[in-house]
Structures are given as structure tokens and as C-alpha cells.
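What the coordinates show
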Amino acid sequence: MAANAEVEKMAIPSGADSTPSEHSLSGEKSENSALPSDANPSLDSKRRPLSEKEEEAGIPETVPRTDDDDDDPPPDGGLVAWLQALAALLTSTISWGTPTAFGVFELYYVQTLKLPSWQVSWIGSVQFLLTYGMCVISGRLADAGYVRSTFVVGAFLVVVGTFLTSLGYEYYHFFLAQGLTVGLGLGIMFMPPLQVLSSYFEKKRTLAMTGAATGTGIGSVILPAIIQYSIPRVGFGWAVRIFGFVALFCTTTAFLLLKPRLKPRKAGPLVEWNAFKEPPYLLYSIGVFLLYLALFFGSFYINSFARNIIGFSTTDSVQLLLIQNGVSIPARPIVGWIANNHTGPMNTYIVTTVLFSIITLSWIAVKDRTGLYVYAVFLGLTNGVCQGMFLGSLASLTNDSRKMGTRIGMVHTIVGFATLAGPPIAGAIIDSSGGRYTYAQIYAGLTILVSSGFFIGARYSKTGPHLMVKV
């Protein structure tokens, strides 16, 4: 069954917008493959040799190769390919470690600078929105061939914005430098390495992308720790500058490693609206919006829960965040390997999302310090794997590597609005409940559970009623 599906995938030109589902039988042929050899003599020089599987399945030798096809298939390994994974990992370390570190910045702004909490939260929310929202633009630029130049612009904004943050002392300084400048840079530089990485892998794509996503966990531990433990020793300004030098090192190294492989896809819209006519992509987009509406609830509010409900000190509450992010580092590549070799990315994503909803709801039962430490570990595992499998599962729904940047960027933009609205909704629920977290915990857990239903729908629309299919 899987072999037949692979044969069909080979038989369709790589520029096609859709492919048969993995459980389909290989009795149908595309219109091009049904043409006689003399129907288009200009294609004779572009015929490619058939693989052994194609010959065994009886695929005719008249399958044409179009100008839009890649020069060669993805290498699926090798030094250059895995160096692209390293470049994407370094980029993820900064792109997603930086927004995660904002909780430590927020404590400093509120406690030391005496800025209102609601006002400070807008800096982090705008940074998150721009990090996700700019992906649709940078993804399309990467598909068009502007990989290195787009990355340089984004990295420049991140580094400059970080150093400007170190000089700030008024609210608008931090909003413009950290919220707008850094946020724009993070979103612009994230997509190019991801688009390049996906073009180097096919069978091992899930493993490569979840491995690269490990950078998120690494950044979420290292960057907040730099700020938390450097401020008492060298002051806020130099703590942020150290942060900036780390960003400069990671982005410079990633830039030097980047090596685009695909020919540019100059033509094409900024937003591929036709993608939403494909049921798997549409249902996935709705599901991921709901997931990210509640995904960061634990990350944003576990610190305040620890201080206000359990009685943690500020330092101890930050350690909870580091534990939560740290345990996700080994979990991401391990689960990625399992998904790549055994279960499939979408199947793994569905199971992980259901477990994440159960863990979120179990937060209601936490009543003491020990219970909160244990909960932080399980929250970090399920939350981290959900973030790590996001790109691998989405890539499994996109068969044309030339459209990978655009399609992933579109979903990231949708997710950006979810991350902007999610934490304030949870905060409003907590405030309206008199500071109790129970109703917010129920809201987050059920929202995540509903999102898993849409992921199940996306899988069903791709494979049909077949449970034992790796997808």
C-alpha cells in the first residue's frame, strides 16, 4: 500500500498542487503521463529514467519532466543537508527563544522600572505577533530566491533592536526597540532557513525539522537565564548586550551555513488562497489557530500561579520556566525520530495534542510546590513536543517544496493572531474569576482538545477512514 502511494507520488510532476493520499492505489495516471510520446516532441529531451519501483508498477517511459521540476531529488542526508538543519536550529534558538525570554524582561520592567503590567504585556504581545505575522512575507521571499538577503535584513533588525533595548529607560524605548524592531526581525529571518532545510529532505524531513525546532527549547533556557542571572552582576544594560552578542553569533553562523538548493519560484501570489480549498490544509489551519490560542497559557501564567497561589519567590518562579523549557530539548528530536520512522508526523501530532490537553486540565489538581514542579516537567514535555511537531506535521501536507515557505508562512501568520489574543483572553478569565485560575485552566485545556479534533479531520480528509496509515 505504502509502496503504491510512493509510486504515484513519483509519477506526478513536482510542481503539481495536489497528490493522491497515501492509501490510494496506483491505477490512475496524470494527464501528462497518458500522452503519446509524439504528442509533444519538445519534451523528448527532458524524459527522466524510471526508478525500479516505477518500472515494476508499469509506469510508461513517456512521463515528461517539466522545466519546473528540481534538478535532482532531495539528498535526504549528507554534510551540507545537516548543516542546513544546524542553521535552522541556530535561527530557531533566537527566533523563538527571544519571545520566550520576555517573561524575565517583564519582571524587570514591572518591579524595577515600576511600569504597569498591562502596558508591559503589549511589548511581548506585539513581538509575538510580528514574529509569526511576518512569516508570510519572508516565506514568499524565500520561495522567490531571496533567502540570504531576507535573512540578513531580519538578523540585522534583531541585533540592532536588542542593543537599542539595552539603552532604553522609557516605556516607548522598549516598545519600539524590543517590541517592533526585534519582533519584525525575528519574523523576517525565521522562514528562509526553514525553507532551505525542507528542500534538502523528503523521507527524513520530519526528523530534520523537529531536530531544528530543538533550537526553540535551547533558546528558551539559555536566553532567559542570561537576563535573569546577569542583571544582578552586570546590570540590565550589559545583560541585554550579552543577549545581543549571543544573537549576533547565532545569526552570523546560520548565515554562513545557508546554501539554497531550489530554483527560485518568482511567479506566484504572496498568499496562496487556493491552499485553503484543500480540506487537509484548511482543517489544519483552523486546528492550529485553536491550539496556539491556548498553547502559551502555561508559559505565561505558571509564574504568576506559582507566586500568587503556591507562594513561590520570584527567583523560584523563573526556575519553573527554565525547567519547563529545558525538558523539551531532548524530547523534540526523540519524538521527531519516532514520527519520522514509525508513526508519521500527523499521527504523532494528534496524539501529542490530546495528551497536552489532558496535562493542561490536570493543572487544576496542583496544590503545592512539589506538585507544581512535577507539573512543570510534564507541561514542558507536551508543550515542547507540540511546538516541535508543528512544522513537521504541516510540511507533510505540502507536497511541492517550492511552495513550502509560502504555505508555512501563511499558517504562521494565522498563528500570530492566536498568540496575540490567547494570553489576554486567559488573563481576562482569571481577573473576572477574582484571581482564581480554575476557569482559565478549563478554557485552555478544552480549547486544545477541540484543536485535536480538527487535526483528526485534516488527517481523515487526506487518508480517508484508514487508521494504520503513516502520515
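Keep in mind that what you see is a predicted model, and the values were worked out from it rather than measured.

Looking only at helices and strands, the protein chain features 18 helices and zero strands. Counting only residues that meet the buried cut, the protein chain has 55% of its 471 residues in that class. As displayed, the protein chain offers around 19,600 Å² of accessible surface, 66% of which is attributable to carbon and sulfur atoms.

Take the packing of aromatic side chains next. For the structure on display, the rule yields 31 aromatic pairs. A centroid spacing of 5.2 Å and a plane angle of 75° characterise the contact between Phe163 and Phe245, whose relative ring orientation is edge-to-face. With Phe163 in helix α8 (residues 147-166) and Phe245 in helix α10 (residues 205-257), the pair connects residues that are 82 residues apart, well separated along the chain. Its relative accessible area of 23% is what places Phe163 among the partly exposed residues. Phe245 sits in the partly exposed class, given a relative accessible area of 46%. With centroids separated by 6.5 Å and ring planes inclined at 5°, the aromatic side chains of Tyr284 and Phe390 adopt a geometry described as stacked.

Moving on, we come to a nonpolar patch on the surface. Judged by side-chain polarity, Val234, Trp238, Ile242, Phe245 and Leu248 come together as a nonpolar surface patch covering roughly 460 Å² of accessible area. Turning to its location among the elements, Ile242 is positioned in helix α10. A residue is classified by how much of its surface remains accessible, and Ile242, at 32% relative accessible area, is partly exposed.

For the rest of this paragraph, the subject is the packing of α10 against helix α13 (residues 314-326). Between α10 and α13, whose axes approach to 8 Å, the crossing angle comes to 160°. Relative to α13, α10 is oriented roughly antiparallel. At the point where α10 passes α13, the crossing takes the left-handed sense. Contact residues: Gly217, Ser220, Val221, Pro224, Ala225, Gln228 and Tyr229 in α10; Thr315, Val318, Gln319, Leu322, Asn325 and Gly326 in α13. Broken down by class, the residue content of the contact of α10 with α13 amounts to six nonpolar, seven polar and no charged.

For Thr360, the location among the structural elements is in helix α15 (residues 345-362). Polar side-chain contacts of Thr360 include one of 2.8 Å to the backbone oxygen of Phe356. Those residues in contact with Thr360 that lie beyond four places of it in its chain are Tyr375, Gln441, Ala444, Gly445 and Ile448.

Now for the confidence of the model for the protein chain. On average, the protein chain scores 81 in pLDDT, and the residues at 70 or more come to 83%. Taken element by element, the predicted model of the protein chain shows its lowest mean pLDDT in helix α1 (residues 2-11) (41) and its highest in α8 (95).

Take empty space enclosed by the protein next. Counted according to the given criterion, the structure contains three cavities of 30 Å³ or more. The space that makes up the largest cavity amounts to roughly 60 Å³. Forming the walls of the largest cavity are Thr98, Phe105, Gln127, Thr162, Thr165, Gln178, Val182, Val240 and Phe243. Among the elements of the structure, α8, α9 (171-200) and α10 are those that each provide at least two residues to the lining of the largest cavity. For the lining of the largest cavity, a count of residues per class yields four nonpolar, five polar and no charged.

Working note: α-helix, 3.6 residues per turn, so residues spaced by three or four point in the same direction. In this model, α8 (20 residues) spans 29 Å end to end at C-alpha, consistent with the 28 Å of a helix rising 1.5 Å per residue. Taken as a whole, α8 has its buried residues at Val147, Thr150, Phe151, Gly154, Ala155, Val158, Val159, Gly161, Thr162, Thr165 and Ser166. One side of α8 carries all its buried residues, which in axial view fall inside an arc of 165°. Packing partners of the buried residues in α8 comprise α3 (79-95), α5 (102-111), α7 (135-143), α9 and α10.

At a minimum axis separation of 12 Å, helix α11 (residues 279-295) and helix α16 (residues 369-395) run at an interaxial angle of 160°. Here α11 is positioned roughly antiparallel relative to α16, judged by the angle of their axes. The way α11 lies across α16 gives a crossing that is left-handed. Side by side, α11 and α16 meet where Tyr281, Tyr284, Val288, Tyr292 and Leu295 of the first sit next to Asn383, Cys386, Gln387, Phe390, Ser393 and Leu394 of the second.

As a further point, take the side chain of Gln387. With respect to the element layout, Gln387 can be found in helix α16. Ignoring any residue separated from it by four or fewer positions in sequence, one finds Gln387 in contact with Thr216, Tyr292, Leu295, Phe296 and Arg332.

Turning our eyes to something else, we now look at unusual backbone geometry. You will see that Asp76, though not glycine, has its phi angle at about 60°, which is positive. Among the residues examined, Asp76 registers a relative accessible area of 15% and is labelled buried.

Okay, helix α12 (residues 297-310) next. Largest kink in α12: about 30°, centred on Ser304. Listed in full, the buried residues belonging to α12 are Phe297, Gly298, Ser299, Tyr301, Ile302, Asn303, Ser304, Phe305, Ala306 and Ile310. Turning to α12, the residues buried within the fold contact α11, α13, α16, α17 (404-432) and α18 (438-463). At the C-terminal side of α12, Gly311 shows a positive phi close to 100°.

Inspection of the secondary structure assignment puts Gly287 in helix α11. The spatial distance from the C-alpha of Gly287 to the C-alpha of Leu449 is 9.7 Å, given a sequence separation of 162 residues. Those residues in contact with Gly287 that lie beyond four places of it in its chain are Ser451, Phe454 and Phe455.

Moving on, we get to the pattern of salt bridges. Evaluated as defined, the whole model comprises two salt bridges. Put simply, Arg407 and Glu278 hold a salt bridge, and the shortest N to O gap is 2.8 Å. Of this pair, Arg407 sits in helix α17 while Glu278 sits in the loop between α10 and α11, and the two are 129 residues apart along the sequence. Relative accessible area serves as the criterion here: at 2%, Arg407 is assigned to the buried category.

What counts, and where the lines are drawn
Residues numbered from 1 in each chain as written. Predicted model: local features only at pLDDT ≥ 70, side-chain atom pairs only at ≥ 80, totals over all residues. Heavy atoms only, no water. Helix = DSSP H or I, 4+ residues; strand = E, 2+ residues; numbered from the N terminus. Buried < 20%, exposed > 50% of the residue type's maximum accessible area, 1.4 Å probe, protein only. Areas by Shrake-Rupley, 256 points an atom, 1.4 Å probe, with all protein chains shown as cover. Phe/Tyr/Trp six-rings, centres within 6.5 Å; stacked < 30°, edge-to-face > 60°. Patch = residues over 30% accessible without salt bridge, like charges linked within 9 Å, V, L, I, M, F, W, Y side chains within 5 Å. Salt bridge = Lys/Arg side-chain N within 4 Å of Asp/Glu carboxyl O. Axes fitted to C-alpha atoms, helices over the stretch in contact; angles between N-to-C directions. Parallel < 35°, antiparallel > 145°, perpendicular 65-115°, else oblique. Left-handed = near helix turned anticlockwise from the far one by under 90°. Contact = heavy atoms within 4.5 Å. Nonpolar A, V, L, I, M, F, W, Y, C, P; charged D, E, K, R; others polar. Polar contact = N/O pair within 3.5 Å; in protein donor to acceptor, adjacent residues only side chain to side chain. pLDDT = per-residue confidence, 0-100. 1 Å grid on protein atoms, 1.4 Å probe; cavity = no way out; pocket = protein on both sides within 12 Å on 5 of 7 lines; lining within 4 Å. Points joined across faces, edges and corners; volume = space filled by probe spheres on them. Expected span 1.5 Å × (residues − 1). Arc of directions from axis to C-beta. Bend = angle between axes of the 7 residues up to and from the residue.

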